[in-house]
Amino acid sequence: MTITRHSLSLLALLWGIAVCAPLRSSGQTHADSGRAQFFQLQYADALASFERAVSKDPSDIEARSWCAETLRRLGRPADALRTAREAIRMGGCSSLAHCVIAQAGAVDEDTVRVHARAAIACDPSDPNPWLMLCGEGMKRNDPVLHDSAITMMRTTGFFTPAALAWGRAELRTLPPDAVLITAGDMDTYPALAVQITEGFRTDVTVIEQEHAGIDWAQRFYGQQKHLSFPRAEAALSGGNDTATSRPALPGSAERAFRALLEARRQREFSRPIALALTVDPQFLASEREEFRLNGTYLLHVPGAHAAPSDTAALRACLDAIVPEEFGGSWTGARDRSPVRRFYSDGLAGIITELYGTYAGELTKAGRIAEANEVRRRAEAYIRVTTAPKR
């Protein structure tokens, strides 16, 4: 299987999978069942379970807060806000309820910051509000807030050892001063975490692809990361708020990305451009032939046509992989995103496929003994990454 097909299969999994919820055991509460269903993306069933928990004990502020979060995931922001405010009015201190208010509607920046701070005051060990403040740091062009939020995400356990190992693997073999375009949370934040908390490959600028098309994100990258985007043909999105996850204007990120590639072709932009293997192949469109597989990323080679994989770069990438670092869950126990918790472990399969690609290249070159050794290393990696999670 090629990397491109792997990326497509991940997208198909993201939008098409259906998983049966487990039956509630005799020792499990309605709230327990609701959380299990919630993290399996069965929001309607989860809401019913949480509502039963609240009906049984109306004073259960946490169950009421989970109702609010589930309503938000179901696309019912008004009901989510009402339910979260009810939980807070009951006199309890619920980090989750404050997070829902910060995310569930067309709120202004001050509301996001106030309720994220209130969530932290309720539960200093909760990493989720720090994720919101990271986005606020970008939007406010405040690098201190952005970097301190990433640091606190690590301190509070948002990042597991496997996720941090992935962040290092993404960055390790990139060319100096590269720009890395990523697809989402778990190929972006772990890389930022090892840069900010370990000083690892701080020469690289990591950009989540959606942010390439947003004016306030471009301002942050320009002023804080010294990355100026060429002017795209169409206007950028001005209203995307990381906290509320509203989409950018259609195509704005793609236009900004293509403007960056054209500037590099014209030698107006000198920094290497790389794409994480998690990025949707459709994002590349006709430019795919100008990208070469170089490890955990595709490297832009201006003017190339169907550039072959760089086997030396693949070897350097895989030689640095320590299988034991990638074992266990790729998402923290306190991460409340069901999407991240459900799908992030699949990132391990990207490295598995890199082993297969490199072994195939060695076989074609007649280097059979080396290919077999790479396959043995792949088997060791697979054993670790597919072992039951503790």
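What you see is a predicted model, and the numbers here were worked out from it, not measured in a lab.

The rules behind these values
- Residues numbered from 1 in each chain as written.
- Predicted model: local features only at pLDDT ≥ 70, side-chain atom pairs only at ≥ 80, totals over all residues.
- Heavy atoms only, no water.
- Helix = DSSP H or I, 4+ residues; strand = E, 2+ residues; numbered from the N terminus.
- Expected span 1.5 Å × (residues − 1).
- Buried < 20%, exposed > 50% of the residue type's maximum accessible area, 1.4 Å probe, protein only.
- Core = buried A, V, L, I, M, F, W, Y, C linked by side-chain atoms within 4.5 Å.
- Contact = heavy atoms within 4.5 Å.
- Pairing = 2+ DSSP bridges.
- Axes fitted to C-alpha atoms, helices over the stretch in contact; angles between N-to-C directions.
- Parallel < 35°, antiparallel > 145°, perpendicular 65-115°, else oblique.
- Left-handed = near helix turned anticlockwise from the far one by under 90°.
- Nonpolar A, V, L, I, M, F, W, Y, C, P; charged D, E, K, R; others polar.
- Polar contact = N/O pair within 3.5 Å; in protein donor to acceptor, adjacent residues only side chain to side chain.

Undergrad: Please explain helix α5 (residues 77–89) as it appears in this structure.
TA: Side chains three or four residues apart in an α-helix point the same way, a direct result of the helix having 3.6 residues per turn. A rise of 1.5 Å per residue sets the reference length of α5, with its 13 residues, at 18 Å; its end C-alpha atoms lie 18 Å apart and thus fit the reference within 8%. Ala80, Leu81, Thr83, Ala84 and Ala87 are the residues of α5 that are buried. Two residues or fewer after α5 comes glycine 91, characterised by a positive phi angle close to 100°.

Undergrad: How should the nonpolar core be read in this particular structure?
TA: It is characteristic of soluble globular proteins that their nonpolar side chains tend to be buried jointly. Formed by 85 residues in total, the largest nonpolar core has its most connected members in Phe257, Leu275 and Phe326. Dropping the residues within four chain positions of it, phenylalanine 326 is found in contact with Ala162, Ala165, Trp166, Ala169, Ile321, Ile351, Tyr381, Val384 and Thr385. Counting residues in hydrophobic clusters, the runner-up holds 24 residues, among them Phe39, Cys67, Ala68 and Val100.

Undergrad: What is the right way to read the sheet that holds strand β4 (residues 291–293) from this model?
TA: What links the strands of a sheet is backbone hydrogen bonding, and the strands pair in either a parallel or an antiparallel sense. Spatially, the five strands line up as an open sheet ordered β2-β1-β3-β5-β4, and their pairing is mixed. Only two strands of the sheet have a single partner each, and these edge strands are β2 (205–208) and β4. Mean inter-strand twist for the sheet, computed between neighbouring axes without regard to direction, equals 30°. Two strands pair when backbone bridges link them, and strand β3 (residues 273–276) and strand β5 (residues 297–300) are joined in this way by three bridges, in the antiparallel orientation. Bridge pairing links alanine 276 to tyrosine 297 in β5.

Undergrad: Help me understand the environment of valine 179 in this model?
TA: The residue valine 179 is located in strand β1 (residues 179–182) in this model. Note on valine 179: relative accessible area 0%, which makes it buried. The spacing of valine 179 and leucine 299 is 120 residues in sequence and 9.9 Å in space, taken between C-alpha atoms. When neighbours within four sequence positions are excluded, valine 179 is seen to be in contact with Thr205, Ile207, Leu227, Phe269, Arg271, Pro272, Ile273 and Ala274.

Undergrad: I'm lost on the packing of helix α4 (residues 61–73) against α5 in this one. Help?
TA: Pairs of packed helices are described in terms of their axes, by the angle between the two and the distance that separates them. For the pair α4 and α5, interaxial distance at closest approach is 8 Å and the crossing angle is 165°. Judged by the inter-axis angle, α4 sits roughly antiparallel to α5. Two packed elements cross with a definite hand, and for α4 against α5 that hand is left-handed. Together, Ile61, Arg64, Ser65, Cys67, Ala68, Leu71 and Arg72 of α4 and Asp79, Ala80, Thr83, Ala84, Glu86 and Ala87 of α5 make up the contact between the two elements. Class assignment of the residues belonging to the contact of α4 with α5 gives a composition of seven nonpolar, two polar and four charged.

Undergrad: For this particular structure, what's the right way to read the pairing of β3?
TA: A regular strand places its side chains so that they alternate between the two faces of the sheet. Taking every second residue as pointing to the same face, both faces of β3 are buried, with Ile273 and Leu275 on one and Ala274 and Ala276 on the other. The pairing of β1 with β3 spans three bridges and is parallel. When the sheet's bridge partners are listed, isoleucine 181 is paired in β3 with leucine 275.

Undergrad: Where do I start with the environment of glutamate 262 in this structure?
TA: Checked against the element boundaries, glutamate 262 lands in helix α13 (residues 252–265). Take glutamate 262: its relative accessible area is 35%, and that puts it in the partly exposed class. With 32 residues separating them in the primary sequence, glutamate 262 and proline 230 have C-alpha atoms 8.9 Å apart. A polar contact of 2.8 Å, which involves the side chain of glutamate 262, links it to the side chain of glutamine 266.

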